[in-house]
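A look at the structure
Chain residues, written in single-letter form:
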Amino acid sequence: MTVIITICMFSSKTEAQLWQALPPYNVLWPLWSPILSPADPVTGVPTPLITELRKDTVLPVQPALVWNPDLPYFYLLYNYTNYYGTTVKYWDPTEYPAIGVYNGAIWQDWPPKSLLQIINPFINTYVSIPAALSLPVGYENLITIDPYLWLNWFVPFANVAWEDWFAIDPDLLTAADLLPVDWVYSYTFGPVAPVI
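To start, this report covers the structure provided alongside it. Everything quoted here is computed from the prediction, not taken from an experiment. (Residues numbered from 1 in each chain as written. Predicted model: local features only at pLDDT ≥ 70, side-chain atom pairs only at ≥ 80, totals over all residues. Heavy atoms only, no water.)

**Considerations on the overall build of the chain**
Counting its secondary structure elements, the chain contains three helices and eight strands. The order of α-helices and β-strands along the chain, N terminus first, is α-β-β-β-β-β-β-β-β-α-α. Intrachain contacts of the chain at a sequence separation of at least 6 include 56% that bridge at least 24 residues. Approximately 11,700 Å² of the chain is accessible, and the part contributed by carbon and sulfur atoms is 62%. (Helix = DSSP H or I, 4+ residues; strand = E, 2+ residues; numbered from the N terminus. Contact = heavy atoms within 4.5 Å. Areas by Shrake-Rupley, 256 points an atom, 1.4 Å probe, with all protein chains shown as cover.)

**Side note on unusual backbone geometry**
Geometrically, the link from Q62 to P63 is a cis peptide bond, its omega value of 0° lying close to zero. Within the secondary structure, P63 is located in the loop between β2 (27-30) and β3 (64-67). For the bond from W110 to P111, the omega torsion is 0°, close enough to zero to count as cis. Relative to the assigned elements, P111 resides in the loop between β6 (107-109) and β7 (116-120). For N26, which is not glycine, the phi dihedral falls at a positive 65°. Assignment of secondary structure puts N26 in the loop between β1 (19-22) and β2. Judged by its relative accessible area of 23%, N26 falls in the partly exposed class. (Buried < 20%, exposed > 50% of the residue type's maximum accessible area, 1.4 Å probe, protein only.)

**Some remarks on the nonpolar core**
Most often, soluble globular proteins have nonpolar side chains that are buried together. With 48 residues, the main nonpolar core has W32, L53, F74, L76, L77, W110 and L151 as its most contacted residues. Among the secondary structure elements, those contributing two or more residues to this core are β1, β2, β3, β4 (74-82), β5 (85-91), α2 (147-165) and α3 (175-178). Here this core takes seven residues from α2, the largest share from any one element. (Core = buried A, V, L, I, M, F, W, Y, C linked by side-chain atoms within 4.5 Å.)

**Notes on the side chain of N68**
Tracing the backbone shows N68 in the loop between β3 and β4. Given the relative accessible area of 5%, N68 is considered buried. Separated by 2.9 Å, the side chain of N68 and the backbone nitrogen of D70 make a polar contact. (Polar contact = N/O pair within 3.5 Å; in protein donor to acceptor, adjacent residues only side chain to side chain.)

**Focus on the packing of aromatic side chains**
Considering all chains together, one arrives at 22 aromatic pairs under this definition. Pairing W153 with F154 gives two aromatic rings, centres 6.4 Å apart and planes at 85°, and the pair type is edge-to-face. According to the relative accessible area criterion, W153 is exposed, its value standing at 52%. Overall, the relative accessible area of 18% leaves F154 in the buried class. Look at W162 and F166: their rings are 4.2 Å apart centre to centre, the planes differ by 40°, and that puts the pair in the tilted class. Chaining the aromatic ring pairs together yields one cluster made of W19, W32, W67, F74, W91, W150, W153, F154 and F157. (Phe/Tyr/Trp six-rings, centres within 6.5 Å; stacked < 30°, edge-to-face > 60°.)

**Considering the pairing of β3**
Neither face of β3 is open: one carries A64 and V66, the other L65 and W67, and all of them are buried. Looking at chain direction, β3 and β4 are connected through four bridges and run antiparallel. In the strand pairing of β4, V66 is matched with Y75. A loop of six residues connects β3 with β4, the two strands running antiparallel in sequence. (Pairing = 2+ DSSP bridges.)

**A short note on the environment of L28**
By secondary structure assignment, the location of L28 is in strand β2. Sequence separation between L28 and F74 is 46 residues, and the spatial gap between their C-alpha atoms is 9.4 Å. For L28, the contacting residues outside a window of four places in its chain are W19, Q20, A21, L65, V66, W67, P69, L135 and Y139.

**Section: the environment of Y148**
Relative to the assigned elements, Y148 resides in helix α2. Judged by relative accessible area, Y148 falls into the partly exposed class, the value being 26%. As a C-alpha pair, Y148 and A176 span 28 residues in sequence and 8.6 Å in three-dimensional space. In terms of polar contacts, Y148 uses its side chain to reach the backbone carbonyl oxygen of P180, at 2.5 Å.

So, to be careful, I would describe these as geometric facts and stop short of saying anything about function.
Structure representation (structure tokens):
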């Protein structure tokens, strides 16, 4: 009996964590993507390429992706460099035009307004003070959308739009680069939303 309990406990402890929350906004970084979270050479544990995600973070690869588990999609992140320095811009699929016309409006400055504190709601004034996400219990292993399907559909659109608007970048990652080779998708749902 002791052996069975030990095996069960060990198997639950060895389950791979899928996400790492990044300060200061608590968006989730994918530990399941080897290119975004390479294995530590000593421990073999996936380690995020960055330790925090602010508007001035320089991404070592692009697009990178993060997830707000309140949303049914990922944010694709890109480095934007101008006269003032490098900032992070994100692509939000809800801003993608259905007719395929690319424009700068689909690129937003990181972070999204939903992750910032509102100073004055009457004039819609936001500040860069983080309003960190309240993550659900078990967020480390939460998957509610299939990364293969989502990334294979949207990364090509976002990359072409980025290059069309800003510049050709031969180093942009493809969906195949971002996805793990041996990924098995299984449904794990977060808290059930109340029915109104």
